[in-house]
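The residues making up each chain are set out below.
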Amino acid sequence: MNQLATLGNFDAASFDMGSSSPGLTKKQKAAIIVRLLSSEGEKLPLMQLSDDQQTELAEEISRLSMVDKDTMNTVIEEFCNELEAIGITFAGGLDSALKLLQGQLTPSAESRLRKLAAGNSRSDPWERIAALETDALAPIAEEESIEICAVLLSKLTVAKSAELLSKMPGEKARRVAYAVSLTGNIAPETVWKIGQAIIAQVDAVPVRAFTSGPVERVGAILNYTKATTRDDVLTGLDEADKDFADQVRKAIFTFANIPVRIAPKDLPKILRNVPQESLLTALAASVTGENAKAAEFILENMSKRMADGLREEMETLGKIKEKDAEEAMGAVVNVIREMEAAGEIFLVAEDED
């Protein structure tokens, strides 16, 4: 009996054993094993079975009355032999396969498999929905009815529900919040179908070939181009699409943007990662012109002793070649970009104080 207590974590599908025990069907033997393990306090994963299988199992348990000790021992021995013969188990179904292979498939292959699994799956769709970001759920909530949105909020965590509610227009948010109070009598099957419908909408969104948008990609490219090339491109974008050009300008981060995009408290961390020679050259090349404010911002937000030392060295450098200046400023910007990507600093939005 103590050995059987370790079997509670086995897939419930493994209860469908052979029929070597005389006079017993597979379902009857499964009922005996479930009854035995339940009496030992084991909680079996019966929810992994379909509703029909759960119903049949419960009915079989209800029909059994008494089982003699020899029959019970025979069933136990057969069950243990079945378990010992198992080398590896698979839960079955595309949903289980996708969980197993998550992060190892291409986006296009995963999208195709999810579409194949849609409609035939009996797994809980709300597990996937709960894992989605609110940005992915917001467009769905925008299009769906008040009642569907109320169910959606009820199935998410409180924090994620609050975040999603804040993305809705005021009037709809109020109506959805009230509708949540009316969801108490919704049948589980209805909630499951709503979850399946939401997942179908998520899977219907085409897989994006690029992880970032066009604005971010163009901005990132222009970050590493020469200033003259960058200005020419932006001028051309102004003529072709003024709105797109304005968005790209906001995505670009250059040396001149340091005073408005870098918090003073982050500057010491940044400067520790910038090569001293690059910093000195960048500052010396920025005494006048559009980069002068950036140079002054940097010098003002370091110790007075260090700033005075840099100013003295800057005077000895004389005129800096344009190519050397761009490389030095690029080195400073690269450090800032790398630290931002690593989450070590955060760039200030241009419309923030």
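Everything that follows concerns the structure shown earlier in this document.
Residues numbered from 1 in each chain as written. Predicted model: local features only at pLDDT ≥ 70, side-chain atom pairs only at ≥ 80, totals over all residues. Heavy atoms only, no water.

A. Quick look at the layout of surface pockets. Roughly 720 Å³ of volume is contained in the second largest pocket. Elements supplying a minimum of two residues to the lining of the second largest pocket: α13 (227-240) and α20 (322-341). For the lining of the second largest pocket, the element with the highest residue contribution is α20, accounting for eight residues. Its residues assigned to classes, the lining of the second largest pocket comprises 11 nonpolar, seven polar and nine charged. (1 Å grid on protein atoms, 1.4 Å probe; cavity = no way out; pocket = protein on both sides within 12 Å on 5 of 7 lines; lining within 4 Å. Points joined across faces, edges and corners; volume = space filled by probe spheres on them. Helix = DSSP H or I, 4+ residues; strand = E, 2+ residues; numbered from the N terminus. Nonpolar A, V, L, I, M, F, W, Y, C, P; charged D, E, K, R; others polar.)

B. Up close: the packing of helix α8 (residues 146-155) against helix α11 (residues 188-204). In contact at an axis separation of 11 Å, α8 and α11 are set at 95° when each is read in the N-to-C sense. Relative to α11, the element α8 is oriented roughly perpendicular. Two secondary-structure elements touch here, α8 through I148, V151, L152 and K155 and α11 through V191, I194 and I198. When its residues are assigned to classes, the contact of α8 with α11 shows six nonpolar, no polar and one charged. (Axes fitted to C-alpha atoms, helices over the stretch in contact; angles between N-to-C directions. Parallel < 35°, antiparallel > 145°, perpendicular 65-115°, else oblique. Contact = heavy atoms within 4.5 Å.)

C. Examining the nonpolar core more closely. Judged by nonpolar contacts, the single largest core of 33 residues is most densely connected at F255, I258, I262, I270, L283, I298 and I336. The set of elements that each furnish at least two residues to this core consists of α16 (267-273), α17 (276-284), α18 (292-300), α19 (304-317) and α20. Of the residues forming this core, the biggest block, eight residues, is contributed by α20. Among all residues touching I262, those that are not within four sequence positions of it are F253, L267, I270, F297, I336, I345, L347 and V348. In terms of nonpolar packing, the next biggest core, distinct from the first, is built from 24 residues, W126, L137, I140 and V151 among them. (Core = buried A, V, L, I, M, F, W, Y, C linked by side-chain atoms within 4.5 Å. Buried < 20%, exposed > 50% of the residue type's maximum accessible area, 1.4 Å probe, protein only.)

Keep in mind that these numbers describe shape and distance, not what the molecule does.
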